[in-house]
Amino acid sequence: MTARELSYLDHNATTPVRPEVVEAMLPYLREHYGNPSSVYALGQRARKAVEQARAQVAAFLGAASEQEIVFTSCGSESDVMAIEGACEAPGQKRKRIVSSPIEHDAVRLCLDKLKRRGFAASVCAVDGFGEAELASLEELIADETAVVSVMHANNEVGTIQPIARIAALAKKRGALMHTDAVQSAGKIPVDVKELGVDLLSISGHKINAPKGIGALYVRKGARLGQIVTGHQEKNRRGGTENVASIVGLGVACELAKKDLAKSAHYLELRRKLEAGVLAIPGSRLNGHPERRLPNAAHFSFEGVDGHQLVVALDLEGICASAGPACSSGASMASHVLTAMGCPEPLATGSLRLSMGWGTRESDVDRLLAVLPKTVEKLRRVHAAL
Ligand code: PLP
């Protein structure tokens, strides 16, 4: 089956690289292959491209200066650079980290590592919609807190967090505020000044740039220890810059900024999608009814295994995703749905549908044409087990 015939409804997993991004990158893979640290013209050509992309990313995020942008290899690295970097900044004495129970594994596993190094990490309470509870955060954030890390929008259910209010709580206690904006960037406005954050992570492959490129916003004056040692990125991150992908990320940020106005189009499509899916008996929507990413919807179906549902949709040419699967291939309840108090039988019967650049109404129609009978068939299989 060709990519054209697929209905790709998994833009929160990854996105296609836009042709404008590919075109901008190609000269830096072919002729302008210099190392940006080299002094001769070939190197300086690459340097100029890297700095132009830095300005594009800074403009996209509303940073005060392009010097506040550090290029990394991915969203995960940006998260680790922010949290571990904040904890291990030179002279940093604070030993506590505050986060939420619905973070991406890049954050969760980083917290586990830091706990083994003697840091205390605690997570706040979230409500049934997956929204972090401010009272719980206020209680946890103390003078001993080095960094608070709460994601801007959740990658499974799409709930958007009150980051500006959380950042104000962190600031009151002198802690750095980090947000993982990997899922929100390009889908809703992301402005570091409005959010009031010190550190913010993004990833190229969620905004139609290639995989393997990311960026971290570091507010001027925020001090971080170095995680990938070396002299590049003004001694903040070692490693010869991935010039072509950095150029791609810059262009993708420009395009994403322009396209933000199209979120109303996704909301329209989502309304149709949700009405169609929720007409299936025994289905429910997860995540916040309003404060949620406009491009995505997350559902649970009684008596269905989410993993089997994804496989069945794949056979129909539709790409979607479920929660994590165990080694036997059966679905497990995700840590996000568990934290939200979703009962296990519903948590294991979940389906995330996410739209983005290139999604057509016909993709939604195709999904709605096959989903009811697919759910029905899988329910019969499930009941017979
Ligand atoms: N944070 C969130 C919320 C994500 O959804 C992802 C990827 O799915 C990441 C971080 C990791 O980004 P990357 O795949 O670029 O490492």
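About the cut-offs
- Residues numbered from 1 in each chain as written.
- Predicted model: local features only at pLDDT ≥ 70, side-chain atom pairs only at ≥ 80, totals over all residues.
- Heavy atoms only, no water.
- Helix = DSSP H or I, 4+ residues; strand = E, 2+ residues; numbered from the N terminus.
- Expected span 1.5 Å × (residues − 1).
- Buried < 20%, exposed > 50% of the residue type's maximum accessible area, 1.4 Å probe, protein only.
- Near = heavy atom within 4 Å.
- Polar contact = N/O pair within 3.5 Å; in protein donor to acceptor, adjacent residues only side chain to side chain.
- 1 Å grid on protein atoms, 1.4 Å probe; cavity = no way out; pocket = protein on both sides within 12 Å on 5 of 7 lines; lining within 4 Å.
- Sits in = over half its atoms within 2 Å of the grid points.
- Nonpolar A, V, L, I, M, F, W, Y, C, P; charged D, E, K, R; others polar.
- Pairing = 2+ DSSP bridges.
- Axes fitted to C-alpha atoms, helices over the stretch in contact; angles between N-to-C directions.
- Contact = heavy atoms within 4.5 Å.
- Core = buried A, V, L, I, M, F, W, Y, C linked by side-chain atoms within 4.5 Å.
- Parallel < 35°, antiparallel > 145°, perpendicular 65-115°, else oblique.
- Left-handed = near helix turned anticlockwise from the far one by under 90°.
- Phe/Tyr/Trp six-rings, centres within 6.5 Å; stacked < 30°, edge-to-face > 60°.
- Lys NZ or Arg CZ within 6 Å of the ring centre and 35° of its normal.
- Salt bridge = Lys/Arg side-chain N within 4 Å of Asp/Glu carboxyl O.

Caption draft 1: Structural detail: helix 3 (residues 75-87). The first and last C-alpha atoms of helix 3 sit 18 Å apart over 13 residues, in line with the 18 Å expected at 1.5 Å per residue. With respect to burial, helix 3 is a largely interior element, 12 of its 13 residues being buried. The set of residues buried in helix 3 consists of G75, E77, S78, D79, V80, M81, A82, I83, E84, G85, A86 and C87.

Caption draft 2: Representation of the site of the ligand in the model. With respect to spatial proximity, 13 residues lie near the ligand, and among them G75, S76, D180, S203 and K206 are the closest. Contacts to the ligand include S76, whose side-chain N or O atom sits 2.6 Å from an oxygen atom. Interatomic distance of 2.9 Å between a side-chain N/O atom of Q183 and an oxygen atom of the ligand. More than half of the atoms belonging to the ligand lie within 2 Å of the grid points that define the largest pocket. For the shell around the ligand, the leading source of residues is helix 3, giving three residues. Tallied by class, the residues present in the shell around the ligand amount to three nonpolar, seven polar and three charged.

Caption draft 3: Looking closely at the sheet that holds strand 3 (residues 96-99). Read from one edge to the other, the open sheet built from seven strands follows the order 2-8-7-6-5-3-4, with strand pairing classed as mixed. Only two strands of the sheet have a single neighbouring strand rather than two, namely strand 2 (69-72) and strand 4 (120-123). Geometrically, the sheet is characterised by an average inter-axis angle of 20° between neighbouring strands, direction not taken into account. Note: strand 7 (residues 199-203) against strand 8 (residues 214-218), five bridges, orientation antiparallel. Bridge pairing links L200 to Y217 in strand 8. The sheet strands contacting helix 3 are strand 2, strand 3, strand 5 (145-149), strand 6 (176-180), strand 7 and strand 8, and the helix crosses strand 7 at an angle near 160°.

Caption draft 4: Structural view of the nonpolar core. One finds L61, L200, I202 and L249 to be the most contacted residues of the largest nonpolar core, which totals 51 residues. Looking at this core, the elements with two or more residues in it are helix 1 (19-29), helix 2 (41-61), strand 2, helix 6 (163-172), helix 7 (192-195), strand 7, strand 8 and helix 9 (243-259). If you tally residues by element for this core, the top one is helix 9, at 10 residues. Not counting the four nearest positions on each side in its chain, L200 is found in contact with L61, H178, T179, A181, V190, V192, L195, A215, L216 and Y217. Judged by nonpolar contacts, the second largest core, of 26 residues, contains L9, L273, L353 and L378.

Caption draft 5: Up close: the packing of helix 2 against helix 9. Where helix 2 contacts helix 9, the axes come no closer than 8 Å and their chain directions differ by 30°. Between helix 2 and helix 9, the angle falls in the class roughly parallel. Every pair of crossing elements has a handedness; the one defined by helix 2 and helix 9 is left-handed. Here helix 2 contributes A46, A49, V50, A53, Q56, V57, A59 and F60 to the contact with helix 9, which in turn contributes V243, I246, V247, L249, G250, V251, C253, E254, A256 and K257. A per-class count over the contact of helix 2 with helix 9 returns 14 nonpolar, two polar and two charged.

Caption draft 6: Examining the packing of aromatic side chains more closely. Counting across every chain of the model gives one aromatic pair. When the ring of F299 is compared with that of F301, the centres are 6.5 Å apart and the planes differ by 35°; the resulting orientation is tilted. With respect to burial, F299 and F301 carry one shared label: buried. Just above the ring of F119 sits the side chain of K95; from NZ or CZ to the centre is 4.3 Å.

Caption draft 7: Region of interest: the pattern of salt bridges. Under the definition given, this model contains 24 salt bridges. The salt bridge partner of D105 is R108, with a shortest N-O separation of 3.0 Å. Of this pair, D105 and R108 both sit in helix 4 (residues 105-116), three residues apart, roughly one helical turn. In the salt-bridge network here, residues are joined through shared partners; they are R47, E51, R54, E233 and E241.

Caption draft 8: Seen up close, the sheet that holds strand 10 (residues 296-301). The sheet built from three strands is open, its strands ordered 9-10-12 with antiparallel pairing. Only two strands of the sheet have a single partner each, and these edge strands are strand 9 (283-286) and strand 12 (350-354). For this sheet the average axis-to-axis angle between neighbouring strands, irrespective of direction, equals 30°. As judged from the five bridges shared by strand 10 and strand 12, these two strands associate in the antiparallel manner. Along strand 12, the bridge assignment pairs H298 with R352. Helix 10 (residues 263-278) contacts strand 9, strand 10 and strand 12 of the sheet and is inclined by roughly 5° relative to strand 10.

Caption draft 9: Broad picture of the pairing of strand 10. Counting buried positions over the six residues of strand 10 gives six, a clear majority of the element. Alternating residues of strand 10 divide into A296, H298 and S300 and A297, F299 and F301, and every residue in both groups is buried. With four bridges joining them, strand 9 and strand 10 adopt antiparallel strand pairing. Paired with R284 across the two strands is S300, which belongs to strand 10.

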